[in-house]
Amino acid sequence: MSATVRPPLLLGVSLKMYFGHHQTLNWARKTATLADEHLAVTSGEARLFVLPAFPTLVPAAGILTPYGIALGAQDIAIEDRGPYTGEVGGPLLKEIGCRYAEVGHAERRRLYGEGDTVVAAKTAAALRNGLTPVLCVGELDRGTPQEAAERTVAEAARLLHGLDGTVVLAYEPQWAIGAPEPASAEHIATVCTALREWLNTRPQHAGSQVIYGGSAGPGLLTRLAGTADGLFLGRFAHDPDNVRAILDEVRAPADAAVA
Ligand SMILES: O=C(CO)COP(=O)(O)O
């Protein structure tokens, strides 16, 4: 009789534009050591990915990938190469060892005017280049979990229309990003379950995962009780002790809940 095999929980970290060069590499070294030592990672129960700033990708890859931590970019150009000043294309990201490319983050929508057309084109660029898009979706304003689920599934369907391939759907309610607290476990569970059910109807996205981001930190994974496939961390991953605490929850969710 074979035991039920649970896919590894996916824990992503976007460093956004918080760290300098040396600070990024120091953080990467500490995170690599953690991955090397922690049973949640060495047992295969959790997988980590990190999205540092573009100039740090190559040295960070040298530090992180030997420990099984995957690397990704925080953005990707729509085009693959050519006269696009300041952009970084998928072929280069692939060449330097990226596995993921983040698209559609709320900050890029709000501050840089990226809309659905751009987000869908960047998602296509990632898939075309063999990169897994970390496609951020989520409602702008706080409402009921049911409203959020409906809106977010419709958003994912719109952005992935006509595209095939494995994706990471990062459910990030925009009102919960940069906040003191994440959305409630009930809210997250309702939306992530709806996204999962929608993905289950789309064989072209087999192997896709649904993770939650927006002020995620220690304790949340336990409260989510398996309703999301992982977390997408921002500020609360800056302290490696927090990453360790989250990995502890992967190992012993029940213990962590009563601690
Ligand atoms: O946007 C996020 C991850 O991409 C979340 O950031 P914070 O956890 O800092 O709110």
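Structure: above.
As the structure is a prediction and not an experimental result, all values here were calculated from the model. (Residues numbered from 1 in each chain as written. Predicted model: local features only at pLDDT ≥ 70, side-chain atom pairs only at ≥ 80, totals over all residues. Heavy atoms only, no water.)

A.B. asks: Just give me the short version of the overall build of the protein, but keep the residues and values in it.
C.D. replies: Helix and strand counts for the protein stand at eleven helices and eight strands. For the C-alpha atoms alone, the extent of the protein along its principal axes is close to 55 × 45 × 45 Å. Burial analysis of the protein (259 residues in total) assigns 52% to the buried set. Counting only contacts in the protein whose residues sit at least 6 apart along the sequence, the fraction spanning at least 24 positions is 73%. Accessible area for the protein stands at about 12000 Å²; split by element, carbon and sulfur atoms hold 54% of it. (Helix = DSSP H or I, 4+ residues; strand = E, 2+ residues; numbered from the N terminus. Buried < 20%, exposed > 50% of the residue type's maximum accessible area, 1.4 Å probe, protein only. Contact = heavy atoms within 4.5 Å. Areas by Shrake-Rupley, 256 points an atom, 1.4 Å probe, with all protein chains shown as cover.)

A.B. asks: Give me the packing of helix H7 (residues 145–159) against helix H8 (residues 185–200): which residues, what numbers.
C.D. replies: Where H7 contacts H8, the axes come no closer than 9 Å and their chain directions differ by 35 degrees. As H7 runs across H8, the sense of the crossing is right-handed. Taken together, the residues of H8 that come into contact with H7 (itself represented by Pro-145, Gln-146, Ala-148, Ala-149, Thr-152, Val-153, Ala-156 and Ala-157) are Glu-186, His-187, Thr-190, Val-191, Ala-194, Leu-195 and Trp-198. Here the contact of H7 with H8 is composed, by residue class, of ten nonpolar, four polar and one charged. (Axes fitted to C-alpha atoms, helices over the stretch in contact; angles between N-to-C directions. Left-handed = near helix turned anticlockwise from the far one by under 90°. Nonpolar A, V, L, I, M, F, W, Y, C, P; charged D, E, K, R; others polar.)

A.B. asks: I'd like a rundown of the pattern of salt bridges, residues and numbers included.
C.D. replies: Scanning the entire structure with this criterion turns up eleven salt bridges. Residue Arg-108 is joined to Glu-114 by a salt bridge in which the shortest nitrogen-to-oxygen separation is 2.9 Å. Residue Arg-108 is classed as partly exposed on the basis of its relative accessible area of 24%. A salt bridge links Asp-116 to Arg-109, with the nearest nitrogen and oxygen atoms 3.0 Å apart. (Salt bridge = Lys/Arg side-chain N within 4 Å of Asp/Glu carboxyl O.)

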